[in-house]
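The primary structure of each chain is shown beneath.
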Amino acid sequence: MRTQMATEAGRTTAPSEDRALVGPNLLAVLDGVTAKPENGCAHGVGWFADQLAAELLRSAHLGPAPALAEAIKQTRELHGGGCDLEHPDSPSATVGLVQVKDDVLRYLVLGDATVVVETKGELRVVSDTSTNRTAGADPVDVDHAVTGEIPLGDVRRVAILSDGAARAVDLFNLFDWRQALELMAANGPDDLIRRMRAVEKEDAKAVDWPRAKVSDDATVVYLER
């Protein structure tokens with residue numbers, strides 16, 4: 001299998017709050033939810049995303065949902081007693097991940113991350129923009145994730161994208177998902193981000209494509225067999 005990753009901060013004045021994880025059997029994209037000034041936590045969103053990614057890698061021997069639940073639990077313990085993790089705006093992240101194990105590809109999406117799986121017979125696009133649920137301080141958040149599995153022998157290509165990268169398709173309509181996969185197969189996921197940034201620059205006032213962030217952090221993990 002061939003794996004490629006591309007990530008770029010939405011602004012040059014602030015570090016990205018996206019994280020990409022490429023492990024032996026688990027690949028993930030985490031998108032830290034931008035913190036509000038008062039969120040009850042002494043740690044930044046970047047710190048939270050870093051810890052959650054590291055704990056997720058340590059739990060990769062579990063299935064996707066148990067792995068994420070365990071990662072949330074362990075990250076909670078790292079906060080220490082000075083953080084109010086019951087605060088509704090405490091650090092959290094959207095998560096898209098896939099696990100390859102026992103000849104099966106399993107996926108999980110929590111929040112507005114996107115997982116795209118191209119098989120021999122279909123194109124499956126998984127995201128959840130209807131809920132505000134993200135991976136935060138409570139493992140029960142994982143109960144709201146969208147999960148599924150596909151026989152590995154049927155899988156051709158997979159992409160995991162933060163919402164800042166998925167807007168190339170679902171906001172700007174630069175191409176459809178199949179064309180996006182073809183682009184990444186030919187030129188790598190960084191080309192998808194490059195083309196999207198060009199559109200963002202042309203619409204710098206968010207007039208043609210209204211959006212909360214003119215330019216968002218963008219991360220893609222791409223896998224092909």
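A few points on the structure. All figures in this text were calculated on a predicted structure; none of them were measured in a lab.

About the cut-offs
- Residues numbered from 1 in each chain as written.
- Predicted model: local features only at pLDDT ≥ 70, side-chain atom pairs only at ≥ 80, totals over all residues.
- Heavy atoms only, no water.
- Pairing = 2+ DSSP bridges.
- Helix = DSSP H or I, 4+ residues; strand = E, 2+ residues; numbered from the N terminus.
- Axes fitted to C-alpha atoms, helices over the stretch in contact; angles between N-to-C directions.
- Salt bridge = Lys/Arg side-chain N within 4 Å of Asp/Glu carboxyl O.
- Buried < 20%, exposed > 50% of the residue type's maximum accessible area, 1.4 Å probe, protein only.

Next up on the list: the sheet that holds strand β5 (residues 104-110). Strand order in the open sheet formed by five strands is β2-β3-β4-β5-β8, and the pairing between neighbours is antiparallel. Only two strands of the sheet have a single neighbouring strand rather than two, namely β2 (18-22) and β8 (146-151). Between one strand axis and the next, the sheet turns by 10° as a mean value, whatever way the strands run. Relative to β5, strand β4 (residues 93-101) runs antiparallel, the two being bridged by seven bridges. Bridge pairing in β5 places V95 opposite L110.

What follows concerns the sheet that holds strand β1 (residues 2-8). Taken in spatial order, the five strands make up an open sheet running β1-β10-β9-β6-β7, and their pairing is antiparallel. In the strand order of this sheet, the two ends are held by β1 and β7 (123-127), each with one partner. Geometrically, the sheet is characterised by an average inter-axis angle of 10° between neighbouring strands, direction not taken into account. Bridge analysis of strand β6 (residues 114-119) against strand β9 (residues 155-161) gives six bridges, and the strand direction is antiparallel. Across the sheet, V115 pairs through a bridge with I160, a residue of β9.

A few words now on the pattern of salt bridges. Across all of its chains, the model carries 17 salt bridges by this definition. Residue E200 pairs with R167 through a salt bridge whose shortest N-O separation is 2.9 Å. Within this pair, whereas E200 is found in helix α5 (residues 189-202), its partner R167 is found in helix α3 (residues 163-170), the two being separated by 33 residues in sequence. Across the pair, R167 and E200 agree in class, each one buried. Among the ionic pairs, R194 bridges to D191, the shortest N-O distance being 2.5 Å. With R194 and D191 both in helix α5 and three residues apart, the pair spans about one turn of that helix. Given the relative accessible area of 52%, R194 is considered exposed. If you follow the salt bridges from partner to partner, you end up with E118, R156, R157, R178 and E182 in one network.

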